[in-house]
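Notes for the structure review
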Amino acid sequence: MNCPYCGYYDSKVVDSRDVNNGIRRRRQCLRCNSRFTTYERPQSASLFVIKKDERREQFDRNKLLTGIHKACEKRPLPTGTVDKLADDIEAELYRLGKVEILGAIIGDMVMERLKSLDYIAYIRFASVYREFTDITALKQAVDTLVSSEAEIPSPTSQLPLLPSEQLGGTVRRQGRVRKRK
Ligand SMILES: [Zn+2]
C-alpha cells in the first residue's frame, strides 16, 4: 500500500483494530509522515452502491471521503473528524451486511452526521447531494435546519448523559441531590 499523499512504498502501523469482519489500520508514511487508513477484509464483504440510474458501482471509501471533505472544507473541525466520519459510515454500511445498498441511503447517513457536526458543512453537502437547483430549495433546507435547531445538540453539548434511571439511583443511594453542571 503506497502512501496516498506522496506515493512512498513503506509505512508503519500506528493503530490497528477489529472492525466487523475485518481489520482497520492507521498507517503513517515513513517519508512524509502523513497518516492514512487501510482496511483488510475478506473479499465477500464487497459492497455495491446502487446509483440513481440503477447502475451498480463498487463502494469506494475515497469517493465518500472526497464528498465529505468538500463539504467540510475550511470549516473549524478538529483534524481527523472527516476521516472518522467516513470510518463510522463505512463500518455501519458493512455492519448492515448487505451486498447492495442505495446511494441515497449513504447520502442520508452522511447528512445525518453532518447535521450534528456542522450546519454549514451539512448545507453544503445537501446542496450537492440533494441537487438544489434554485435558491428556494436552499432556503427551505436552511429553514428546516433553523426550526429544528432546538432538537439538535450543539457540538459543545454532546457529552453522553447518564440514563435518567441511573441518575435517580445514584441520588437515592447517596441521600442527597447532586447539582449537575
Ligand atoms: Zn507519504
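The structure reproduced in this document is the subject of the present report. (Residues numbered from 1 in each chain as written. Predicted model: local features only at pLDDT ≥ 70, side-chain atom pairs only at ≥ 80, totals over all residues. Heavy atoms only, no water.)

Quick look at the overall build of the protein
Heads up, the condition is: Segments assigned H or I by DSSP are reported as helices when at least four residues long, segments assigned E as strands when at least two residues long, and all are numbered from the N terminus. Relative accessibility thresholds used throughout: buried, under 20% of the residue-type maximum; exposed, over 50%; partly exposed, between the two (1.4 Å probe, protein chains only). It only takes one pair of heavy atoms within 4.5 Å for two residues to be counted as in contact.
The helix and strand inventory of the protein stands at six helices and six strands. Taken from the N to the C terminus, the helices and strands of the protein come in the order β-β-β-β-β-α-α-β-α-α-α-α. Evaluated residue by residue, the protein yields a buried proportion of 30% over its 181 residues. Long-range pairs, those at least 24 residues apart, make up 44% of the contacts in the protein between residues at least 6 apart in sequence.

Focus: the coordination of the zinc ion
Filter applied, for reference: Each metal's donors comprise the N, O and S atoms found within 2.8 Å of it (within 3.2 Å for Na, K or Ca). Water is not part of the atom list, so some coordination spheres may appear incomplete. Any site counts as irregular unless it has four donors with all angles between 85 and 135 degrees, making it tetrahedral, or four or six donors with opposite ones more than 155 degrees apart and the rest between 65 and 115, making it square planar or octahedral.
Bound to the zinc ion on the protein side are Cys3 (SG), Cys6 (SG), Cys29 (SG) and Cys32 (SG), at distances that span 2.2 to 2.4 Å. Each of the four donor atoms bound to the zinc ion contributes to angles spanning 107 to 114°, and the resulting shape is tetrahedral. Positions of the donor residues of the zinc ion, expressed as sequence spacing, correspond to C-x2-C-x22-C-x2-C. With a gap of 23 residues between them, Cys6 in the segment before strand S1 (11-19) and Cys29 in strand S2 (residues 22-29) connect regions that are remote in the sequence. By relative accessible area, which is 29% here, Cys6 ends up partly exposed.

Let's talk about unusual backbone geometry
Its identity is not glycine, yet Asn33 carries a phi of approximately 65°, on the positive side. You can see Asn33 is positioned in the loop between S2 and strand S3 (35-40). Looking at Asn33, the relative accessible area reads 49%, which means it is partly exposed. Of note in the backbone geometry, Lys74 takes a positive phi value of approximately 60° without being a glycine. Structurally, Lys74 can be placed in the loop between helix H1 (61-72) and helix H2 (81-96). For Lys74, a relative accessible area of 81% corresponds to the exposed category.

Thoughts on the sheet that holds strand S4 (residues 48-50)
For clarity, the cut-off: Pairing between two strands requires that DSSP report at least two bridges joining them. The angle between two axes is taken between their N-to-C directions and runs from 0 to 180 degrees, where each axis is a line fitted to C-alpha atoms and a helix contributes only its stretch in contact.
The strand order S5-S4-S6 describes an open sheet built from three strands, whose pairing is mixed. Unpaired on one side and paired on the other, strand S5 (56-58) and strand S6 (100-102) mark the two borders of the sheet. Taking each pair of neighbouring strands and ignoring which way they run, the sheet shows an average axis angle of 35°. Bridging between S4 and S5 involves three bridges; their strand directions are antiparallel.

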